[in-house]
Amino acid sequence: MITLHTVTDLRTAVKAARLAGKTIGFVPTMGNLHDGHISLIERAKKECDFVVASIFVNPLQFNDKNDLSRYPRTLPEDQARLALARCDLLFAPDVDEMYPGGQDGQSTVHVPGVSAGLCGGSRPGHFDGVATVVTKLFNQVLPDKAFFGEKDFQQVAVIRKMVDDLCIPVEIVTVPTARAKDGLALSSRNGYLTTEERALATGLYRTLTEIGEALQRRETQVSILSEATERLNQRGFRTDYLEIRNADNLSEDISGASRIVILGAAFLGKARLIDNIVVTLMHRND
Ligand code: PAF
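Rules used in this analysis
Residues numbered from 1 in each chain as written. Predicted model: local features only at pLDDT ≥ 70, side-chain atom pairs only at ≥ 80, totals over all residues. Heavy atoms only, no water. Near = heavy atom within 4 Å. Polar contact = N/O pair within 3.5 Å; in protein donor to acceptor, adjacent residues only side chain to side chain. Areas by Shrake-Rupley, 256 points an atom, 1.4 Å probe, with all protein chains shown as cover. Helix = DSSP H or I, 4+ residues; strand = E, 2+ residues; numbered from the N terminus. 1 Å grid on protein atoms, 1.4 Å probe; cavity = no way out; pocket = protein on both sides within 12 Å on 5 of 7 lines; lining within 4 Å. Points joined across faces, edges and corners; volume = space filled by probe spheres on them. Nonpolar A, V, L, I, M, F, W, Y, C, P; charged D, E, K, R; others polar. Buried < 20%, exposed > 50% of the residue type's maximum accessible area, 1.4 Å probe, protein only. Pairing = 2+ DSSP bridges. Right-handed = clockwise from strand over helix to strand, strands pointing away. Phe/Tyr/Trp six-rings, centres within 6.5 Å; stacked < 30°, edge-to-face > 60°. Core = buried A, V, L, I, M, F, W, Y, C linked by side-chain atoms within 4.5 Å. Contact = heavy atoms within 4.5 Å.

Novice: Please clarify how the site of the ligand should be interpreted in this entry.
Specialist: All residues adjacent to the ligand are Pro28, Thr29, Met30, Gln61, Val130, Val133, Val134, Phe148, Asp152 and Gln155. One of the side-chain nitrogen or oxygen atoms of Gln61 is found 2.6 Å away from an oxygen atom of the ligand. Side-chain polar atom of Gln155 to an oxygen atom of the ligand: 2.7 Å apart, as the coordinates give it. Coverage of the ligand by the protein chains reaches 88% of its 290 Å² of free accessible surface. Of all the secondary structure elements, the ones that give two or more residues to the shell around the ligand are strand 2 (24-29) and helix 7 (126-141). With three residues, the top contributor of residues to the shell around the ligand is helix 7.

In structure tokens form, the structure reads like this:
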């Protein structure tokens, strides 16, 4: 695996792969890689001839400066994991390479509708930062397919709409959330948990699962969510949001929908964890 740090070198290498007749798969990341990221690389290897990963901790998507400065940067370990997974190229630019004119004057991409509420509500500007950097990375790499984890359900909805609205010629492929044995969704932010908090952390997934079961029993949404919030808080979390949405378009209106997504975000100590599950209702919801 080669590691490149400039857009010029990246373009030259990807162009050579394309001229050799290879299809290009792309896995954008912010590093501190775990098995969830590796499952994206593995899927990309199955579907494409030449796999590019990127590691860039994008300042534009952090609304909290402390969150940005403490975000784990583990390039040597990440390089070793990517090489083992047979990734072909790692693009690891620095902030000046990605934002040569500075961040303030940067043109940005705003994806209306799906960026609002949920994590977009709790982290103002977050999805504009994501949409902007992913657009730049797509234009730098020019992949045929790009691979994202379902754990970031709203992020995937934002990127799919962006690609459709702006006619970006890349196919978006999603990969199921990788989970620890107890159900905790793998995330770089799990590293912030103490041993005691790690033992409690599965409470978020358990709460989402219980909401799904209550929906199947046709209990009312308002009581399901208020009871679930109370339970999650009792499990040691500080709930940010728990919501039930239409899985096909993230709409709050779930009447008539049979595929439902239950999304949650909650703080546990210093970590803000997010997770979601998709459930197919046994009854139509109307
Ligand atoms: O999901 C992430 O790690 C980031 O939001 C992404 C897509 C790499 C953009 O910075």
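Novice: How do you make sense of empty space enclosed by the protein when you look at a structure like this?
Specialist: Gaps left between atoms are located by rolling a probe of water-molecule size over the structure's atoms. Overall, the coordinates contain one cavity of 30 Å³ or more when judged by the stated rule. Around the largest cavity, the lining residues are Lys151, Leu184, Ala185, Ser187, Asn190, Leu204, Tyr205, Leu273, Ile274 and Asp275. Looking at the lining of the largest cavity, the elements that each hand over two or more residues are helix 10 (203-216) and strand 9 (271-285). For the lining of the largest cavity, the element with the highest residue contribution is strand 9, accounting for three residues. Partitioned by chemical class, the residues of the lining of the largest cavity number six nonpolar, two polar and two charged.

Novice: Explanation requested: the pairing of strand 5 (residues 145-149) in the structure shown.
Specialist: On any regular strand, side chains alternate: one points to one face of the sheet, the next to the other face. Across the five residues of strand 5, four count as buried, placing the element largely inside the fold. By the bridge criterion, two bridges tie strand 2 to strand 5 in an arrangement that is parallel. The residue of strand 5 that forms the bridge with Phe26 is Ala146. Relative to strand 6 (residues 171-175), strand 5 runs parallel, the two being bridged by five bridges. In the strand pairing of strand 6, Lys145 is matched with Glu171. Regarding topology, helix 8 (residues 153-165) serves as the crossover connection from strand 5 to the parallel strand 6, and that connection is right-handed.

Novice: I'm lost on the packing of aromatic side chains in this one. Help?
Specialist: Geometry of an aromatic ring pair is reported as the spacing of the ring centres plus the angle between the planes. Counting across every chain of the model gives four aromatic pairs. Judged by centre distance (5.6 Å) and plane angle (75°), the ring pair of Phe62 and Tyr71 falls under edge-to-face. Like Phe62, the residue Tyr71 is buried in the burial classification. Centroid distance Phe138 to Phe148: 6.5 Å. Interplanar angle 75°. Geometry classified as edge-to-face. Separated by ten residues along the polypeptide, Phe138 in helix 7 and Phe148 in strand 5 bring together distant segments of the chain. We note that Phe138, like Phe148, is buried.

Novice: So what exactly am I meant to see when it comes to the side chain of Gln106 here?
Specialist: Along the chain, the position of Gln106 falls in the loop between helix 5 (95-98) and helix 6 (118-122). Separated by 3.0 Å, the side chains of Gln106 and Lys136 make a polar contact.

Novice: Could you clarify how one ought to interpret the nonpolar core in this entry?
Specialist: Inside soluble globular proteins, nonpolar side chains tend to come together where they are buried. Membership of the largest hydrophobic core comes to 48 residues, with the highest contact counts inside it found for Val52, Leu89, Phe138 and Met162. Ranked by the residues each element gives to this core, the list is headed by helix 7, at eight residues. When sequence neighbours within four positions are dropped, the list of residues in contact with Met162 reads Val109, Val111, Ala131, Val134, Thr135, Phe138, Cys167 and Ile168. Ranked by size, the runner-up nonpolar core spans 32 residues in total, among them Leu204, Ile254, Ala257 and Leu273.

Novice: What am I meant to see in the layout of surface pockets here?
Specialist: Here the second largest pocket defines a volume of roughly 360 Å³. Around the second largest pocket, the lining comprises 18 residues; the ones closest to its centre are Phe153, Val156, Ala157, Arg160 and Ala247. Taken together, the elements giving at least two residues each to the lining of the second largest pocket come down to helix 8 and strand 9. Here the lining of the second largest pocket gets five residues from one element, more than from any other, and that element is helix 8. In the lining of the second largest pocket, the residues fall into eight nonpolar, four polar and six charged.

Any functional reading would require information that these geometric values do not contain.
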